[in-house]
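# Architecture and fold: a report
Single-letter residue listing:
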Amino acid sequence: MSEIREDPAVSLFREYLKIPTMHPDPDYSKAIDFLCKLAEDVGLDFKTIETGPKELFVIMSLVGTNASLPSLGLYSHMDVVPVFPEHWKVPPFSAEKMENGDIYARGSQDMKCVGIQYVEAIRRLKKEGKRFLRTIHVMFGPDEETGGKRGMIPFMKHPESKRLNLGFCLDEGIANPGPEFRVFYGERSCWWITVRCRGNPGHGSSFIQDSAAEKLTKILNTAMDFRAKQEQRLNSDPSLTIGDVTTLNLTIIKGGVQHNVVPAELFASFDIRIPPHVDLPEFEKELGRWCREAGDDVTLEFDQKCDSPHKVPLDSSNPWWTAFMSACQSLSMEVKTEVFPGATDSRLLRECGIPALGFSPMNHTPILLHDHNEFLNEKVFLRGIDIYYEIIPALANVSGSCHLTL
Ligand code: ZN
């Protein structure tokens, strides 16, 4: 019975969830076919833009009454992270709906919900004959979950993306178990570093001086002290979230030959995430100091250095923010602004000077992105469409040139 009365938007969402766009071998072609058909069904112009051998962006567009103004981008990624099916209570691409309306599938929170919500809100607005000042582009991209090398990075360099003339974008956020809706205005920089410690080698039966292990120990102690201080800062100030502090984790240790040989070299790798308020060149100098203080021949290499110092202004200087908030207020939504703890494609948009806010309308929902048994309740999903139904017109009708410096 419940299947028969299901809202068509929910059925569509479940259909999208069933397409296995999972890494390492996402079936993009099926997702792209599905989305192109959806655009036709809603009556939106659409095109695809190639960013890799199997990777395409799908862009659905609704032309504004003043198409020369910078446009509004509504972005979501099509790909999802791998699953461990043995830990799931239903098959992860079944999109099975429980009696209470919880829909289980990989991608239900991250972030196939948002893509369908954008389109369904626009379908409703279009049916009512609404027109908007600015052109709206609903953008579906590949390869977010593996860093954007065949997705957002080439897309932002593509001449077609320049033609979209994006002025502002919405992208993904994170669920919240509480009543507030989380909005992300910046991201932490992600640094992956390896510290190489070289020292005197020798026999395992003696006290070798200036060994690589002594130097490594100093580095580890300094790094763990720093980590503890950051954790303490977070725990002692309830106004802070994880996005406001620097996290540092030791993730790889390498080196050594055999038990009775003191090695000449040892390596330690760290994952470090730095909030946008931190002076990055200054922090890099601090890491250099840690190495110098650990002894001679201790060097630092960057395996990845993604700097994301850009923040979207959250005040009256930013008309997009004012419009976004006025729509939220009209819906009596409680909004909480934060720095995103991980990395999303928003950082690449902001790098190109496009203000992007991370927002997935999921309150009263446990945080299950990348986790086993990811689900979203259909009521929360449908409420998300109502929310975009207010937010999209507010943003698409922002007047003026709205040029922001990020
Ligand atoms: Zn995501």
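Starting from 1, residues in each chain are numbered consecutively following that chain's sequence as written. Totals for whole chains, interfaces and linings use all residues, but because this is a predicted model, local features are given only for residues with pLDDT of at least 70 and pairs of side-chain atoms are given and counted only at 80 or more. With hydrogens and water excluded, all non-hydrogen atoms of the structure serve as input to the side-chain values.

For the rest of this paragraph, the subject is the layout of surface pockets. Note on definitions: the grid is 1 Å and covers protein atoms alone; a cavity is a set of points where a 1.4 Å probe fits but cannot get out; a pocket is an open set with protein on both sides within 12 Å along at least five of seven lines; lining residues have an atom within 4 Å of a point. Grid points are joined across faces, edges and corners, and a volume is the space filled by probe spheres set on the points. Size it by volume and the largest pocket reaches roughly 580 Å³. Along the wall of the largest pocket there are 26 residues; nearest its centre are Glu144, Glu145, Arg273, Ala343 and Thr344. Here the residues of the lining of the largest pocket sort into 12 nonpolar, six polar and eight charged. Shared between two domains, the lining of the largest pocket holds at least three residues of each, these being domain 1 (8-187 + 309-396) and domain 2 (189-306). Three classes are used, and their members are as follows: Ala, Val, Leu, Ile, Met, Phe, Trp, Tyr, Cys and Pro are nonpolar, Asp, Glu, Lys and Arg are charged, and the others, Gly among them, are polar. As annotated, the domain borders come from an automatic or database domain assignment.

Turning our eyes to something else, we now look at the domain arrangement of the protein. One can read the domain layout of the protein as domain 1 (8-187 + 309-396) and domain 2 (189-306). Relative to domain 2, the C-alpha centre of domain 1 lies at a distance of 37 Å. Only heavy atoms matter for contacts: two residues are in contact if any of them lie within 4.5 Å across the pair. Contacts between the two partners involve nine residues from domain 1 and, on the opposite side, nine residues from domain 2. Buried surface area refers to the total accessible area, computed with a probe of radius 1.4 Å, that the two partners give up upon joining, counted for both partners together. Regarding the contact of domain 1 and domain 2, the summed buried area is about 770 Å², with carbon and sulfur atoms giving 62% of it. Summed over the three residues of domain 1 that lose the most area to domain 2, namely Pro309, Val339 and Pro341, the buried surface amounts to 48% of that side. Salt bridges are identified by distance alone: a Lys or Arg side-chain nitrogen within 4 Å of an Asp or Glu carboxyl oxygen. In this structure, the connection of domain 1 to domain 2 is made through zero salt bridges. In protein, a polar contact means a hydrogen-donor-capable atom and an acceptor-capable atom, both N or O and within 3.5 Å, with residues adjacent in sequence counting only if both atoms are side-chain atoms; elsewhere, any N or O pair within 3.5 Å suffices. Where domain 1 touches domain 2, the interface holds zero residue pairs in polar contact (both at pLDDT 80 or more). Partitioned by chemical class, the residues of the side of domain 1 that touches domain 2 number four nonpolar, one polar and four charged.

Attention now moves to the pattern of salt bridges. Pairing is possible between side chains that carry opposite charge, provided their charged atoms lie close to one another. Taken as a whole and assessed by the stated rule, the structure comprises 21 salt bridges. Here Arg150 and Glu55 are joined by a salt bridge, their closest N and O atoms 3.6 Å apart. Of this pair, Arg150 sits in the loop between β6 (136-141) and α4 (152-157) while Glu55 sits in the loop between β1 (45-50) and β2 (56-62), and the two are 95 residues apart along the sequence. With its nearest N and O atoms 3.8 Å apart, the salt bridge here joins Glu338 to Lys336. Exposure is judged per residue with a 1.4 Å probe applied to protein chains only, and the accessible area is read against the type maximum: over 50% gives exposed, under 20% gives buried, and values in between give partly exposed. Of the residues examined, Glu338 reaches a relative accessible area of 3% and is grouped as buried. Shared partners join several salt bridges into a network, and the residues in it are Glu6, Arg14, Lys97 and Glu378. A run of H or I in DSSP becomes a helix once it reaches four residues, and a run of E becomes a strand once it reaches two; helices and strands are each numbered from the N terminus.

Keep in mind that water is not among the atoms, so a site may look incomplete; donors are the N, O and S atoms within 2.8 Å of the metal, or 3.2 Å for Na, K and Ca. Only His77 (NE2), Asp110 (OD), Glu172 (OE) and Glu172 (OE) from the protein coordinate the zinc ion, and they sit 1.8 to 2.7 Å from it. Of note, the donors binding the zinc ion are all from one chain and are spaced H-x32-D-x61-E. Highlighted residues: His77 in strand β3 (residues 71-77) and Asp110 in the loop between β5 (102-104) and α3 (112-127), separated in sequence by 33 residues. Residue classification places His77 among the buried positions, given a relative accessible area of 0%.

With that settled, consider a negative patch on the surface. A patch consists of residues exposed above 30% relative accessible area that lack any salt bridge, with like charges linked at up to 9 Å and nonpolar side chains (Val, Leu, Ile, Met, Phe, Trp, Tyr) linked at up to 5 Å. Values of accessible area rely on a 1.4 Å probe in the Shrake-Rupley scheme; residue burial ignores everything except the protein chains shown. The charge count treats Lys and Arg as positive and Asp and Glu as negative. His and the chain ends do not count. Note that the charge is assigned to NZ on lysines, CZ on arginines, CG on aspartates and CD on glutamates. A cluster of acidic residues, Asp210, Glu214, Asp296 and Asp297, forms a negative patch on the protein surface. Looking at the element boundaries, Glu214 is found in helix α6 (residues 212-236).

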